[in-house]
Each structure stands twice: as C-alpha cells, then as structure tokens.
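Structural characterization, general
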Amino acid sequence: MWTTKPCQVTEQFNPGDHRGGPGVSIPAHLARGGLNALLTFLLSPACAACRSLLKTPLDGPVCRACWRAVRPITPPMCERCGDPLPSWRMVSYGAAQCARCHRAPRSIDRGRAIGEYDGALRQIIHVLKYEGRQSIARQLAGLMSEHGSDVLTGADWAVPVPLHPRRERERGFNQAAELARYLNLPVCFALQRVRHTAPQVDLPASRRHANVRGAFRVAPESRWFFGHRRRVADLSNACALLVDDVTTTGATLDACARVLKNAGVAEVRALTAARVVRRRFSPPSP
Ligand SMILES: [Zn+2]
Ligand SMILES: [Zn+2]
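Residues numbered from 1 in each chain as written. Chains lettered and ligands numbered in written order. Predicted model: local features only at pLDDT ≥ 70, side-chain atom pairs only at ≥ 80, totals over all residues. Heavy atoms only, no water.

Here we come to the coordination of the zinc ion (ligand 2). Taken together, the protein donors to the zinc ion (ligand 2) comprise Cys-78 (SG), Cys-81 (SG), Cys-98 (SG) and Cys-101 (SG), at separations of 2.3 Å. Linear spacing of the donor residues for the zinc ion (ligand 2) on their chain is C-x2-C-x16-C-x2-C. Residue Cys-81 is found in the loop between helix H2 (64-68) and helix H3 (99-103), and its partner Cys-101 is found in helix H3; the two are separated by 20 residues along the sequence. (Donors = N, O, S within 2.8 Å, 3.2 Å for Na, K, Ca; no water. Helix = DSSP H or I, 4+ residues; strand = E, 2+ residues; numbered from the N terminus.)

So this is what it looks like as structure tokens:
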C-alpha cells in the first residue's frame, strides 16, 4: 500500500500572476518599458520561438506575438482525455468521450491540455525542452493553470512524469518538473522511470503502450532531486495530477496512472502543455 511508501514533495511554490499584478505602478511600468527598449536597442535579442526581434526581453525569451498565437482547445472536448470533439453532437452519444477513450478505457480519470501540439505552442515547448530555457516554464504553467482549472480544482498533488535519469542528466532538468512547480500545488516526485524508452513521438501508435510498459515505478523515499526541498507525504486515497509537456496517445500518462493507482492513489488526472490531436474523427459505436 502507498502508506508504506511515502513520497517526497517539494514545498509549495507561489509564483503569482505571470502577467503582472494590479500593484504595478505607472512609473514602474514606464521604467520597464524604457529598459525593454534599451535592451532591444543594445542587444537586438531574437524571440527564441519565431526569431523575430524581441521587443520586451524583460518578459522572457519568447515574444508576446508567439504567446498570443497559442490556440487553446475549446469545448466540446472529450471529458476523459480532453481531445477536441468535432461537434456538440458527439456529446449526445452518451459519455461525451472520443472514439479512442470509448474503445479502450484509460487509467487517467481526466486529462486536459492548453492546446494542440502544433504552431506557436509546439515552438514554445521546444524552446523549453530542447533549448533549455527554463525561464518560460512559469509562463507556460500559467497557461496550463488557465486552461486546466477543471483538473487542478480538488487535486492534492502535482506529480511530474519522470525522465530516465540518463536523459535528465543529458538535458540538465526535467521539463515536467519545471512546469509542475508553478501550478500552485505541492509537487510530489512520486514516480521513477526505471527503463530508458524511445521518445513516444518517434513511434507508431501501435508501439507506444509496449514502449512504456514497466517503465515506471513508485520512487523510493531517499531519491534526491536537484536540491529541491522535500518532505514526506502520503498519497493514499489522494487525487494526483500528472504533469507533462506533451502527450501523444496518452500511453505514458496511462502507464504512470496505473502505477499510482496500484500504490493506492484514488484518482489520477493529467495536465499537459499540449496534446497531439488526431485529425480524423469517428463517432463511437453505440
Ligand atoms: Zn516570437
Ligand atoms: Zn478521449
């Protein structure tokens, strides 16, 4: 049972509003604008996503136009995995689930993402993940909070999907953990990836479940994670929120959810920055 395997968690982070609060005074705003202009003039920085001139470098390495270009997934969507449904008529099939969830029940109870893994959102995730710009995790997590309120509400812990230690060493960080820090939930490093797996995006859908089978287990109590402060928590009967940057078929999230539920977690939800959306829709058979 989970009670025999408490997990380690970080202390809760309170990043505040990533867009600036109402307390910013007009002189401070003007000073910030002047400093932005000076930095742009002196350094000519480029947006890390679209490579155009970055006019507000103090806001981070991605320009405002790129953030505004992120297209969120909007209802109607599958209440299970969060995939967009082609029309509200799908909801009338009963469970308001997509064909994939209807065919194969999932271990994830509910999943949500900001938007489709495409366009500006894909570029922004690449900036975080492959260019190592961890400073944008806070802004990206702000969007995840905005569009994932129905999975965040009532969740007890954020559980980052772990990388294999080798990959984490190569990258220097786990992007899922960076995002989890800013969701206003205590972070619990409850899982460990014990087998190195090929990236899911490189595999056909038919091989993704096999690729991650047996790849995760509950993390031992003594695991250390890059100097984050930890304390012991009990996740038995809790509601855990898995956090990752991208989900493809959901095979990785399902594998993680199975491990958590076998360990006594009552409900497992998922929140990702983006999800790969299938273009072809087919209604579930009645
Ligand atoms: Zn840009
Ligand atoms: Zn679904």
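Read across the open sheet, the four strands follow the order E2-E8-E7-E3; overall the sheet is parallel. Looking along the sheet, the strands with just one partner apiece sit at the ends: strand E2 (110-116) and strand E3 (157-160). The average undirected angle you get between the axes of adjacent strands in this sheet is 20°. Where E2 and strand E8 (residues 267-275) come together, six bridges link them in parallel fashion. When the bridges of E8 are listed, Gly-115 appears paired with Ala-274. Of the strands in this sheet, E2, strand E7 (239-247) and E8 touch helix H4 (residues 119-129), which is tilted by about 105° from E8. (Pairing = 2+ DSSP bridges. Axes fitted to C-alpha atoms, helices over the stretch in contact; angles between N-to-C directions. Contact = heavy atoms within 4.5 Å.)

Right, let's talk about the pattern of salt bridges for a bit. Tallying each qualifying case throughout the model produces eleven salt bridges. Here Asp-59 and Arg-32 are joined by a salt bridge, their closest N and O atoms 2.8 Å apart. In this pair, Asp-59 sits in the loop between helix H1 (26-43) and H2 while Arg-32 sits in helix H1, placing the two residues 27 residues apart along the sequence. Looking at Asp-59, the relative accessible area reads 21%, which means it is partly exposed. A salt bridge links Arg-100 to Asp-83; the shortest N-O distance between them is 3.3 Å. In this pair, Arg-100 sits in helix H3 while Asp-83 sits in the loop between H2 and H3, placing the two residues 17 residues apart along the sequence. Assigned by exposure class, Arg-100 and Asp-83 land together as buried. Taken together, the salt bridges that share partners define one network made up of Arg-32, Asp-59 and Arg-64. (Salt bridge = Lys/Arg side-chain N within 4 Å of Asp/Glu carboxyl O. Buried < 20%, exposed > 50% of the residue type's maximum accessible area, 1.4 Å probe, protein only.)

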